[in-house]
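Report on the structure
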Amino acid sequence: MSERARDAAARLRAGDTAALARAIRWLEDGDALGASVLREVAGAPERAWRIGVTGPAGAGKSTLVDALITELRRRGQRVGVLAVDPSSPFSGGALLGDRLRMQRHTLDPGVFIRSMATRGRMGGLASATHGAAILVDAAGFDVVLIETVGVGQDELDVAELAHTTVVVSVPGLGDEVQALKAGLFEVADVHALNKADLPGADSAERNLRALLDLETQRREGEPRWAPPLVRTVAARGDGVPALLDACDAHRVHLAASGEGERRAATRAEQLFYALLREQAPQRLLARATDLDRTIAALRAGEIDAFAAAEAVLAGGGLPAL
Amino acid sequence: MAKRIRVLLAKLGLDSHTIGVTVIAKALRDAGMEVIYSGLKQTPEMVVRTAIQEDVDVVGLSSLSAAHMSHFSRVLELLRAEGASDKLVLGGGVIPERDAEKLRAMGVAAVFTMGATTTEIIEFIERWWTQREAQ
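Since the model is a prediction, treat every value here as computed from it, not as a measurement. (Residues numbered from 1 in each chain as written. Chains lettered and ligands numbered in written order. Predicted model: local features only at pLDDT ≥ 70, side-chain atom pairs only at ≥ 80, totals over all residues. Heavy atoms only, no water.)

With that out of the way, let us pick up the domain arrangement of chain A. Residue and element names in this part refer to chain A. For chain A, the domain assignment lists domain 1 (1–43) and domain 2 (45–257). One C-alpha centre belongs to domain 1, the other to domain 2; they are set 26 Å apart. Contact with domain 1, which involves 16 residues of that partner, is made by 17 residues of domain 2. The contact between domain 1 and domain 2 buries some 1,300 Å² in all, and 71% of this surface belongs to carbon and sulfur atoms. Joining domain 1 to domain 2, the criterion identifies three salt bridges. (Domains from an automatic or database assignment. Contact = heavy atoms within 4.5 Å. Buried area = accessible area lost by both parts, 1.4 Å probe. Salt bridge = Lys/Arg side-chain N within 4 Å of Asp/Glu carboxyl O.)

Here's what the structure looks like:
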């Protein structure tokens, strides 16, 4: 552990937001200092409650997060926000605009907001988001709100990271139920029907409730939790206290039923695999001997890709020709 | 994982023109940068708080009102006070040359006025970044 990482970890634990922001940057950039800071703080028990906010583009996730910050602050909680937006697959750049909706909290010292670009990671989060959530926790925030990119049906990483996952839907998305029925619906611990003042809200609610009944039957046998549906108008803050109460009830349920421990174990295992997936290719390639010659032989058609890959996986270099 | 240049674009003061900043944001993104747009009517305090929380490398300040002198100097002062003066501060907007000169003297690295192209801005940032990374 370098002196620099230890110093950064100490400052971060003391609540220094500049140190926190820099450590997150190290994680994003793949700087080894980031991993060192994480290892330094990782021994501490989880304190912060992680609430994931996900849903299709245009559902009002950022506005809802903004309203949740207000309500959490009213309840005396310190709030960290990780807001994820997609990187362009063409340029690698990104426009990160989520905090635009959270401007009014900028000067509140009890609020930390960090925008993150996905940087090529699929699944609705950035690769560094999990580590960043751990760091925000270590910096003393009580709640971490994790806002995903606008998701489709299979971008569900947030459910692995969050303790409580809120799925946001809106009336009039055309077939809102279609959008939710695969994957996204199953990961919801709490449903928010946002923009509930729009026409079509009642029929959207009826559709969602019908699906919820099915979902409750599907979860039969698991520790009992029927995901509640809360109507919100985030722009006005309507329904937001009720939404937070529902998240709180879920937290109590996780603790009381043992489901929280089960999920924590699963989360640890998933994080382990995710870290390996991320880091293994680079490490393998770094370890391979004669990589340049292997690639050259491959490109020249002297060996095939299967043999070349097998050689590198086995820890060697150029396979015998 | 490659390093990416992170840029905060902020509009200071009371003007509500967004077209210029939107064009610049898209151009920087297309040049591979991560651009945080924090919105209109930012105060210097908000800009500095955001720059630190987002750990940006570059702070681009735009001002179309005559208050740029005091706003820009306050941003620089706050960045110094927070130990964050390693960030590149750029100015843009409708700024007369004699003000631009004063801003540069204050520590604004460059001032891009209405005739500037996005290519000039990108090249300036990339040159600065390459030099800093080489250190």
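A few words now on the pattern of salt bridges. In the structure shown here, the tally under the stated rule is 41 salt bridges over all chains. A salt bridge links A:Asp189 to A:Arg263; the shortest N-O distance between them is 2.9 Å. Taken as a pair, A:Asp189 in the loop between α7 (176–181) and β7 (190–193) and A:Arg263 in helix α10 (residues 259–287) lie far apart in primary sequence, 74 residues in all. Among the ionic pairs, B:Arg29 bridges to B:Asp30, the shortest N-O distance being 3.3 Å. Residues joined in a network through salt bridges with shared partners are A:Arg25, A:Glu28, A:Asp29, A:Arg99, A:Arg114, A:Arg119, B:Arg6, B:Glu34, B:Glu54, B:Asp57 and B:Arg132. (Helix = DSSP H or I, 4+ residues; strand = E, 2+ residues; numbered from the N terminus.)

Let us look at the pairing of strand β5 (residues 143–147) of chain A. On any regular strand, side chains alternate: one points to one face of the sheet, the next to the other face. Residues and elements named next belong to chain A. Most of β5 is tucked away, with five of its five residues classed as buried. One ladder, built from five bridges, connects strand β1 (residues 49–54) with β5; its direction is parallel. Among the inter-strand pairings, Ile51 is bridged to a residue of β5, identified as Leu145. Strand direction decides the pairing type here: strand β2 (residues 79–85) and β5, joined by five bridges, are parallel. Considered in β5, the bridge of Leu82 is made with Ile146. (Buried < 20%, exposed > 50% of the residue type's maximum accessible area, 1.4 Å probe, protein only. Pairing = 2+ DSSP bridges.)

Turning our eyes to something else, we now look at a nonpolar patch on the surface. Among the surface-exposed residues, A:Phe272, A:Tyr273 and A:Leu276 lie close enough to one another that they form a single nonpolar patch of about 310 Å² accessible area. With respect to the element layout, A:Tyr273 can be found in helix α10. (Patch = residues over 30% accessible without salt bridge, like charges linked within 9 Å, V, L, I, M, F, W, Y side chains within 5 Å. Areas by Shrake-Rupley, 256 points an atom, 1.4 Å probe, with all protein chains shown as cover.)

With that out of the way, let us pick up the interface of chain A and chain B. Across the boundary between the two partners, chain A contributes 30 residues, which contact 31 residues of chain B. In total, about 2,700 Å² of surface goes out of reach between chain A and chain B, with carbon and sulfur atoms giving 48% of it. It is A:Arg25, A:Leu95 and A:Arg119 in chain A that bury the most area against chain B; as a group they hold 22% of the surface buried on that side. At the surface where chain A touches chain B, the tally comes to six salt bridges. The salt bridge involving A:Arg22 is made with B:Asp55; its shortest N-O contact spans 2.7 Å. Elements that contribute at least two residues to the side of chain A that touches chain B include exactly α2 (17–29), β3 (94–96) and β4 (111–117) of chain A. Across the side of chain A that touches chain B, the residue classes break down as twelve nonpolar, ten polar and eight charged. (Nonpolar A, V, L, I, M, F, W, Y, C, P; charged D, E, K, R; others polar.)

So, about helix α1 (residues 3–13) of chain A. For the α-helix, the turn length of 3.6 residues means that residues three or four positions removed from each other point alike. All names here are of chain A. Where α1 is concerned, the buried positions are Ala5, Ala8, Ala9 and Leu12. The buried residues of α1 occupy an angular sector of 100° when projected down its axis, which confines them to one face. On the buried face of α1, the contacting elements are α2, α3 (32–42) and α5 (129–138). Directly beyond the C-terminal end of α1, a positive phi value near 90° is found at Gly15. (Arc of directions from axis to C-beta.)

Now for α2(A). All names here are of chain A. For α2, spanning 13 residues, the distance from its first C-alpha to its last is 18 Å, which sits close to the expected 18 Å at 1.5 Å a residue. Most of α2 sits inside the fold, with ten of its 13 residues counted as buried. Looking only at α2, the buried set comprises Ala19, Leu20, Ala21, Ala23, Ile24, Arg25, Trp26, Leu27, Glu28 and Asp29. In this structure Asp16 caps α2, since a side-chain oxygen of it lies 2.9 Å from the backbone nitrogen of Ala18. (Expected span 1.5 Å × (residues − 1). Polar contact = N/O pair within 3.5 Å; in protein donor to acceptor, adjacent residues only side chain to side chain.)

Below, the discussion takes up the sheet that holds strand β3 (residues 58–63) of chain B. Spatially, β3(A)-β2(B)-β1(B)-β3(B)-β4(B)-β5(B) is the arrangement adopted by the six strands of the open sheet, whose pairing is parallel. The open sheet has two free edges, formed respectively by β3 of chain A together with β5 (110–112) of chain B, since each of these has just one partner strand. For this sheet the average axis-to-axis angle between neighbouring strands, irrespective of direction, equals 20°. In the sheet, β3(A) pairs with strand β2 (residues 34–37) of chain B via three bridges, with the strands oriented parallel. Paired with A:Ala94 across the two strands is B:Glu34, which belongs to β2(B). Contacting β3, β4 (88–93) and β5 of chain B, helix α5 (residues 118–134) of chain B crosses the sheet at an angle of about 170° to β4(B). (Axes fitted to C-alpha atoms, helices over the stretch in contact; angles between N-to-C directions.)

The next point concerns the packing of aromatic side chains. Two descriptors summarise a pair of aromatic rings, namely the distance from one centre to the other and the angle between the planes of the rings. Summed over all chains, the structure comprises three aromatic pairs over all chains. The interplanar angle of 40° and the centroid separation of 6.1 Å between the aromatic rings of A:Phe112 and A:Phe141 together place this pair among those described as tilted. Of this pair, A:Phe112 sits in strand β4 while A:Phe141 sits in the loop between α5 and β5, and the two are 29 residues apart along the sequence. Judged by centre distance (5.9 Å) and plane angle (80°), the ring pair of B:Phe112 and B:Phe124 falls under edge-to-face. Taken as a pair, B:Phe112 in strand β5 and B:Phe124 in helix α5 lie far apart in primary sequence, twelve residues in all. Given a relative accessible area of 21%, B:Phe124 falls into the partly exposed group. Between the NZ or CZ atom of A:Arg78 and the centre of the ring of A:Phe141, over which it lies, the distance is 4.5 Å. The lysine or arginine in question, A:Arg251, covers the ring of A:Trp49, its NZ or CZ lying 5.0 Å from the ring centre. (Phe/Tyr/Trp six-rings, centres within 6.5 Å; stacked < 30°, edge-to-face > 60°. Lys NZ or Arg CZ within 6 Å of the ring centre and 35° of its normal.)

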